[in-house]
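Observations on the three-dimensional arrangement
Each chain, letter by letter, is given below.
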Amino acid sequence: MNASATTLPGVGETRTTVLVEVLDRHGHVRLIERIQLDGARRTFTIGRSVDADVVLDDEHVAPLHARVELTADGRLLAGDLGTVNGIVVDGVRRKDGGGLLVGGTPFRIGRTQVRLRSSADPLAPEKADRHEHRLHISSPATLAGLAVLLFLAQESYTSWLGAPRDLMTAFASAVSLKAIVVAGWVAAWSLLSKILIGDWRWLRHLAVALGIAIAATAIDAVVTMATFAWALPSWRNASIWTSVVALAVALYLHLRNAAPLPRGRAMALAAIAPLLLGIGTTWFYERLARDDVRRIATQTRIFPPYLRLRPAETTDAFFKTAVSLRVEADSGRKSMSADDGDGTTAD
């Protein structure tokens, strides 16, 4: 909104409208006061008293806290009226002073954010309304709906692979448990969005949570299938680090939608926790594999032979690997015996 300046008929004096906008902590306008100034009146006061021209309901504001003057060239200057808390402009607290340029720039009186506008302040151009021409697939509601449908389809396929004869029971059980987890996750991020930026944005957080989970599951399946198709050596920690990357991406998108953070800081915060989690989880499973000699890493996914694009290892190579497993197991038993301090090894 902008202020207007009009000439009073028959008088020749210019009357100017100044808008006083009271902002909430997120910078959203929650109250607008219109002040009329003319040649006979060039100032107005802001305070907590009923005698003030603009009354603020803030116990940290003095009865008459500040005086605002409209100069001849249309600038708005504020001055403190000898208060305890002064006026905070651009993060600097000013007391017992005047001449503070405040037109169009939010400043703080007590604990209340105030912004003044006059006709001299620049106004951003009108934004084009492209709602009718843009693709609705980019809206949060559409993205969340697509994510839910893909999630249900993925869970149906996974349940069918695991229990084809009892599909509905397996599907209902898996979806119910994951729905509770996703609901709690989305609720936490939505609450954080409401606190930090004043908007719940739960559809965006739902789309991020389900979309990243679906993508991570699909990528893990594709990597596993490619490993089988090309007879590549499997990495037993691949699923862990796929989850780490997925969690980092999800945290970044959640942070960008929940807090007014720059991209660099959001990326740094989103990477720290998943990286530490991945390192700790990898260390735990590597130590478990070393200490538990009876542990056998199994490949639970089975693919049809026609997907094989590269010949598998030969029989000789298979038995050679089996012999190396025995050597590794003997080394593990010796390590466990050394840790026990008895100096003996198992037969």
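Residues numbered from 1 in each chain as written. Predicted model: local features only at pLDDT ≥ 70, side-chain atom pairs only at ≥ 80, totals over all residues. Heavy atoms only, no water.

**Some words on helix H4 (residues 238–258)**
With 21 residues, H4 extends 30 Å from end C-alpha to end C-alpha; this agrees with the ideal 30 Å at 1.5 Å per step. Every buried residue belonging to H4 is among Ala 238, Ile 240, Thr 242, Val 244, Ala 246, Ala 250, Leu 251, His 254, Leu 255, Asn 257 and Ala 258, and all of these are buried. (Helix = DSSP H or I, 4+ residues; strand = E, 2+ residues; numbered from the N terminus. Expected span 1.5 Å × (residues − 1). Buried < 20%, exposed > 50% of the residue type's maximum accessible area, 1.4 Å probe, protein only.)

**Some thoughts on the sheet that holds strand E5 (residues 54–55)**
Pairing in this open sheet of 5 strands is mixed, and the strands run E5-E4-E6-E7-E10 from one edge to the other. Single-partner strands in this sheet number two, and they are E5 and strand E10 (100–101). (Pairing = 2+ DSSP bridges.)

**A few points about the pattern of salt bridges**
The full count for this structure, using the stated rule, is 6 salt bridges. Of the charged contacts, one joins Glu 21 and Arg 117 as a salt bridge, the two residues approaching to 3.3 Å between their closest N and O atoms. With a gap of 96 residues between them, Glu 21 in strand E2 (residues 14–23) and Arg 117 in strand E12 (residues 112–117) connect regions that are remote in the sequence. We note that Glu 21, like Arg 117, is buried. Several salt bridges share partner residues, and in doing so they unite Glu 21, Arg 115 and Arg 117 into one network. (Salt bridge = Lys/Arg side-chain N within 4 Å of Asp/Glu carboxyl O.)

**Looking at helix H1 (residues 140–162)**
Taking 1.5 Å of rise per residue, the 23 residues of H1 would be expected to cover 33 Å, and the 33 Å separating its terminal C-alpha atoms lies within 8% of that figure. All of the buried residues in H1 are Ala 144, Ala 147, Phe 151, Gln 154, Glu 155 and Ser 159. Looking at the buried positions of H1, the neighbouring elements they touch are helix H2 (167–197) and helix H3 (202–229). (Contact = heavy atoms within 4.5 Å.)

**Concerning the side chain of Asp 220**
Relative to the elements of secondary structure, Asp 220 occurs in helix H3. A distance of 3.2 Å separates the side chain of Asp 220 from the side chain of Ser 239, its partner in a polar contact. (Polar contact = N/O pair within 3.5 Å; in protein donor to acceptor, adjacent residues only side chain to side chain.)

**A word on the packing of H1 against H3**
Helix packing geometry: the angle between the two helix axes and the distance between the axes. Running from amino to carboxyl end, H1 crosses H3 at an angle of 35°, the nearest separation of the two axes being 8 Å. When you trace H1 past H3, the crossing you get is left-handed. Across from Pro 140, Ala 141, Leu 143, Ala 144, Ala 147, Val 148, Leu 150, Phe 151 and Gln 154 in H1, the residues of H3 making contact are Leu 203, Arg 204, Leu 206, Ala 207, Leu 210, Gly 211, Ala 213, Ile 214, Thr 217 and Ala 218. (Axes fitted to C-alpha atoms, helices over the stretch in contact; angles between N-to-C directions. Left-handed = near helix turned anticlockwise from the far one by under 90°.)

**Observations regarding the layout of surface pockets**
If you add up the space inside the second largest pocket, you get close to 680 Å³. Surrounding the second largest pocket, 25 residues form its lining, Ala 209, Ile 212, Ala 213, Ile 214 and Thr 217 being those nearest its centre. Contributions of two or more residues to the lining of the second largest pocket are made by H1, H2, H3 and H4. Ranked by the residues each element gives to the lining of the second largest pocket, the list is headed by H3, at 8 residues. Looking at the lining of the second largest pocket residue by residue, the class counts come to 14 nonpolar, 8 polar and 3 charged. (1 Å grid on protein atoms, 1.4 Å probe; cavity = no way out; pocket = protein on both sides within 12 Å on 5 of 7 lines; lining within 4 Å. Points joined across faces, edges and corners; volume = space filled by probe spheres on them. Nonpolar A, V, L, I, M, F, W, Y, C, P; charged D, E, K, R; others polar.)

**What to know about the nonpolar core**
The biggest cluster of nonpolar side chains holds 23 residues, and the ones touching the most others in it are Phe 44, Leu 56, Val 102, Phe 107 and Leu 116. Residue assignment for this core shows that the elements contributing at least two residues are E2, strand E3 (29–37), strand E4 (43–47), strand E6 (66–70), strand E7 (76–80), strand E8 (87–89), strand E11 (107–109) and E12. Each residue touching Phe 44, except ones within four places of it in the same chain, is listed here: Val 18, Val 20, Ile 35, Leu 37, Asp 53, Val 54, Ala 66, Arg 67, Val 68 and Leu 116. Formed by 12 residues, the second largest nonpolar core is a distinct cluster that contains Ala 147, Phe 171, Val 182 and Val 186. (Core = buried A, V, L, I, M, F, W, Y, C linked by side-chain atoms within 4.5 Å.)

**Quick look at the packing of aromatic side chains**
A complete count under the given rule lists 3 aromatic pairs for this structure. On the numbers, 5.4 Å between centres and 80° between planes, the contact of Phe 284 with Tyr 285 is edge-to-face. Seen from the ring of Phe 228, Arg 308 lies directly overhead, with NZ or CZ sitting 4.1 Å from the centre. (Phe/Tyr/Trp six-rings, centres within 6.5 Å; stacked < 30°, edge-to-face > 60°. Lys NZ or Arg CZ within 6 Å of the ring centre and 35° of its normal.)

**Considering the packing of H1 against H2**
Closest axis-to-axis distance for the H1/H2 pair is 9 Å, and the angle between their directions is 135°. Between H1 and H2, the crossing angle belongs to the class labelled oblique. Both H1 and H2 take part in a crossing whose hand is right-handed. Packed against H1, whose contacting residues are Phe 151, Leu 152, Glu 155, Ser 156, Ser 159 and Trp 160, the element H2 presents Leu 167, Ala 170, Phe 171, Ala 174, Val 175 and Lys 178 at the interface. A class-by-class count of the residues in the contact of H1 with H2 yields 8 nonpolar, 2 polar and 2 charged. (Parallel < 35°, antiparallel > 145°, perpendicular 65-115°, else oblique.)

**A closer look at a nonpolar patch on the surface**
Judged by side-chain polarity, Leu 191, Leu 192, Ile 195, Leu 196, Trp 200 and Trp 202 come together as a nonpolar surface patch covering roughly 560 Å² of accessible area. With 4 residues, the single largest contributor to the nonpolar patch is H2. (Patch = residues over 30% accessible without salt bridge, like charges linked within 9 Å, V, L, I, M, F, W, Y side chains within 5 Å. Areas by Shrake-Rupley, 256 points an atom, 1.4 Å probe, with all protein chains shown as cover.)

**Topic: the pairing of E12**
Within E12, 5 of the 6 residues are buried, which leaves the element mostly enclosed by the surrounding structure. Here 3 bridges tie E11 to E12, and the two strands are oriented antiparallel to one another. Its bridge partner lying in E12, Arg 108 is registered against Gln 113. Hairpin remark: E11 followed by E12, antiparallel, with 2 residues in the connecting loop; positive phi at Gly 110, about 65°.

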